[in-house]
Amino acid sequence: MIRIAMRHPAALCLALALGLFAQGKALAASSAQEALERTVNLVLRELEKPELKNPATREAVLSKVEGIVLTLFSFEELSRRTVGPNWKSFSQDQQKSFITAFEDLLRERYLGALEGYNGESVSYIKETPVGSGGDKVQIDSQVSIKNKAVPVSYRMLSTGGRWVVYDMIIEGVGMVQNYRSQFQAVLQKGDPEELIRLVRAKAEETRAANGKKARSAS
Amino acid sequence: MRRPLQRGLCAALFLFTLHSAAFAADAPALPDDDEAYLDAVAQIVPDPLEGWNRAVFGFNDGFNTHVARPVAKGYAYVMPDFMRAGIGNFFYNLGFPIRFVNNLLQGRGMAAGVEMSSFILNTTAGLGGFFDVAEHHKPVVEVEEEDMGQTFGVWGMGEGFYIVWPLLGPSTARDSLGKVGDYFLDPLTYVEPWGLSLGAEALETFNGLNEVLDLYDEMKSAAIEPYSSVRDAYVQYRRAKLSK
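Quick caveat: nothing in here was measured; it's all calculated off a predicted structure.

Attention now goes to the overall build of chain B. Counting secondary structure elements, chain B contains 10 helices and 2 strands. When the helices and strands of chain B are listed from N to C terminus, the series reads α-α-α-α-α-α-α-β-β-α-α-α. Residue burial in chain B is summarised as follows: out of 244 residues, 45% are buried. Contacts spanning at least 24 positions in sequence make up 75% of the contacts within chain B whose residues lie at least 6 apart.

Below, the structure written as structure tokens:
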């Protein structure tokens, strides 16, 4: 079974969030990797501030980090890919609502984990092109958590002159593919509205759980 | 707490670093993933028993919440951390024949050698496997935790269909068959009397239970449709393991 993650389940979540923070040296850095690293270094600088450990100032640090991280992800791309072929059957309004709800869910799930940041480090391993179009790459990295190495890969795509993340693969499990299998199951029975409602509800539920964790920690 | 895996990963990281510096330009492109979202989405694995599987999944979920979790909490409460780590190491070390034989069956002689040396070191210097002393030695090759499901995969057998077993959780036809094989390679199977064998297996299970349940809860709390999420994650994870 998933041995590393099994022994440190919190690690899994943290790895997702921390996949962005690199201390390793980039090899043959492409513009995609540069974009990843630039964001990562900004985030790391914030997370290493003592203010993160202080309950009074933690919120400010986290919202700054959030602002930085969000520039690296394309939530439209993530939404299109997770919904899959059904995306075309969504009306424009439904697409917009979905993107907002899904962004909210991912933000709550992964940024919530950043509060547990504890000096974890990331090394980049390699970069491989995806497809033959030259506009997509996969960047493999390894996040060290409590001396365990968790493999995290990013898929990035060049759009509108910048590189954005459109998928993450942790311990071999792709995020887009995993959500897609769930959304498929929902859309087989329900309509887009039902899916949007479920994603919103899950984001709310995660927010409530994060709030509870933050309160008990401080 | 462990194990050859990290040491292997460290070594792999180093090797990859050298490799990718030298061969970055020649790396073959990964398959494009655009089609997967543009066209009809195929389910990751056949699931002809979905009705049964969902029922068992629901049963396991209830069992995890109402029986396994309280037991795991109680166990973690009475058992000091270093004892849990030691017991975990002990059982991992004892599972050596499974990893060793499957490495050999897959033609991974070097990895089998690494497993063998870790086993000898931990059994002797590690006081019967309670301490993972081999963790601090750098292996010659990366070792993955091999099992018979993977061996069958290496031999070319397909996954077959998805199946959820009561208490044991998600699996595929191939991995279920592999579990049967691993059962016969597990020294605990041959402990006499059978009551002791069962007790030892129960201890092994309880010892790692909290972590398994944490992972399960994390997946469940993140999922909109937990059944599909777990099915997909299981198959993706096993495929990634097999491809290594």
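There is more to say after this.
Here we take up helix α10 (residues 226-242) of chain B. The end-to-end C-alpha distance of α10 of chain B, which contains 17 residues, comes to 24 Å, matching closely the 24 Å that a straight helix rising 1.5 Å per residue would cover. Burial of α10 of chain B is extensive: 13 of the 17 residues sit out of reach of the surface.

A few words now on the pattern of salt bridges. Residues and elements named next belong to chain A. Scanning the model with the defined rule gives 32 salt bridges over all chains in all. The shortest N-O distance in the salt bridge between R207 and D104 comes to 2.8 Å. Within this pair, whereas R207 is found in helix α8 (residues 192-217), its partner D104 is found in helix α6 (residues 92-111), the two being separated by 103 residues in sequence. Residues E204 and R207 are paired through a salt bridge, measuring 2.8 Å at the closest nitrogen-oxygen approach. Here R207 and E204 lie together in helix α8, a separation of 3 residues that amounts to about one turn. Judged by its relative accessible area of 29%, R207 falls in the partly exposed class. Through salt bridges with shared partners, a single network forms among E66, E103, D104, R107, E108, E204 and R207.

What follows deals with a nonpolar patch on the surface. A cluster of nonpolar side chains, V180, Y183, F184 and Y190 of chain B, forms an exposed patch at the surface whose accessible area comes to about 450 Å². Overall, Y190 of chain B belongs to the exposed group, its relative accessible area being 52%.

Basis of the calculations
- Residues numbered from 1 in each chain as written.
- Chains lettered and ligands numbered in written order.
- Predicted model: local features only at pLDDT ≥ 70, side-chain atom pairs only at ≥ 80, totals over all residues.
- Heavy atoms only, no water.
- Helix = DSSP H or I, 4+ residues; strand = E, 2+ residues; numbered from the N terminus.
- Buried < 20%, exposed > 50% of the residue type's maximum accessible area, 1.4 Å probe, protein only.
- Contact = heavy atoms within 4.5 Å.
- Expected span 1.5 Å × (residues − 1).
- Salt bridge = Lys/Arg side-chain N within 4 Å of Asp/Glu carboxyl O.
- Patch = residues over 30% accessible without salt bridge, like charges linked within 9 Å, V, L, I, M, F, W, Y side chains within 5 Å.
- Areas by Shrake-Rupley, 256 points an atom, 1.4 Å probe, with all protein chains shown as cover.

Take it as geometry only, folks, not as evidence of what the structure does.
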